[in-house]
Amino acid sequence: MEERKKWLSAIEKFVTDINSIVSCPNCEKGNLIKDVAFNDNQISKGGERFIECRACGKFEIVLYRNPPENWYLNNE
C-alpha cells in the first residue's frame, strides 16, 4: 500500500508540473515517460501517460481526458 501511495504522489507531480523529474517510487533509480494520444491529430482530446522505470520495469498508466496544455510535448 505504501508503494501505491508513492506512485500516486509521482502522478500528482506530473499533473501539476508536466516537466517534473520524478524518481521511480519502486527502486528510486530512474523513470521514463511516454505519452500516447487517443488521436495524434487531436492531442488536446487526451490520451495516456505511461510512467515506466527503465531500471526495474515497474510502471503506471495515467489517463488524461483533460490533459495539461503541453502534456504531449515530452515525446519530442
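Quick note: structure is the one above.
Below: a short report on this structure.

Here is what the cut-offs are and how they apply
- Residues numbered from 1 in each chain as written.
- Predicted model: local features only at pLDDT ≥ 70, side-chain atom pairs only at ≥ 80, totals over all residues.
- Heavy atoms only, no water.
- Helix = DSSP H or I, 4+ residues; strand = E, 2+ residues; numbered from the N terminus.
- Rg over C-alpha atoms; globule rule 2.2 N^0.38 Å.
- Buried < 20%, exposed > 50% of the residue type's maximum accessible area, 1.4 Å probe, protein only.
- Contact = heavy atoms within 4.5 Å.
- Areas by Shrake-Rupley, 256 points an atom, 1.4 Å probe, with all protein chains shown as cover.
- Lys, Arg positive; Asp, Glu negative; His and termini not counted.
- Charge placed at Lys NZ, Arg CZ, Asp CG, Glu CD.
- Pairing = 2+ DSSP bridges.
- Axes fitted to C-alpha atoms, helices over the stretch in contact; angles between N-to-C directions.
- Polar contact = N/O pair within 3.5 Å; in protein donor to acceptor, adjacent residues only side chain to side chain.
- Salt bridge = Lys/Arg side-chain N within 4 Å of Asp/Glu carboxyl O.

A short note on the overall build of the chain
So, point 1. When helices and strands are tallied, the chain shows 1 helix and 3 strands.
So, point 2. For the chain, the sequential pattern of α-helices and β-strands runs α-β-β-β.
So, point 3. For 76 residues, the compact-globule formula gives about 11 Å, and the C-alpha radius of gyration of the chain, at 12 Å, lands near that figure.
So, point 4. C-alpha atoms of the chain, sized along the principal axes, occupy 35 × 20 × 15 Å.
So, point 5. Of all 76 residues assigned to the chain, the portion counted as buried reaches 29%.
So, point 6. Here the analysis covers contacts within the chain between residues at least 6 apart in sequence; of these, 42% occur between residues at least 24 apart.
So, point 7. In the form shown here, the chain has an accessible surface area of approximately 5300 Å², with 46% of it arising from carbon and sulfur atoms.
So, point 8. For the chain, the centre of its 11 positive side-chain charges and the centre of its 12 negative side-chain charges are spaced 4 Å apart.

Comments concerning the sheet that holds strand β1 (residues 32–37)
So, point 1. Spatially, 3 strands are ordered β1-β2-β3 in an open sheet, and the strand pairing comes out antiparallel. Each edge of the open sheet is held by one strand with a lone partner, namely β1 and β3 (59–64). Each neighbouring strand pair of the sheet contributes to a mean axis angle of 20°, computed without reference to strand direction.
So, point 2. Note: strand β2 (residues 47–52) against β3, 6 bridges, orientation antiparallel. Within β3, the position partnered with Glu48 by the bridge is Leu63.
So, point 3. Its contacts with the sheet put helix α1 (residues 2–16) on β1, β2 and β3, and the angle it makes with β3 is roughly 45°.

Re the environment of Lys13
So, point 1. In this fold, Lys13 is placed in helix α1.
So, point 2. On the basis of relative accessible area, Lys13 is assigned to the partly exposed category, the value being 43%.
So, point 3. Lys13 has contacts with Ser20 and Val22, leaving out every residue within four places of it along the chain.

What about the side chain of Glu60?
So, point 1. Tracing the backbone shows Glu60 in strand β3.
So, point 2. Within the local environment of Glu60, its side chain forms a polar contact with the side chain of Arg4, the two groups lying 2.8 Å apart.
So, point 3. When near neighbours in sequence (up to four residues on either side) are disregarded, Glu60 contacts Arg4, Trp7, Ile11, Arg49, Phe50 and Ile51.

Some details on the pattern of salt bridges
So, point 1. In this structure the tally under the stated criterion is 3 salt bridges.
So, point 2. Where Lys58 meets Glu3, a salt bridge forms, and the shortest distance between an N and an O atom there is 3.8 Å. Taken together, the positions of Lys58 in the loop between β2 and β3 and Glu3 in helix α1 put the pair 55 residues apart, joining distant regions of the chain.
So, point 3. Residue classification places Glu3 among the partly exposed positions, given a relative accessible area of 30%.
So, point 4. One salt bridge connects Arg49 with Asp35, and the closest N-O pair in it is separated by 2.7 Å.

Bear in mind that shape data such as this cannot, by itself, settle questions of function.
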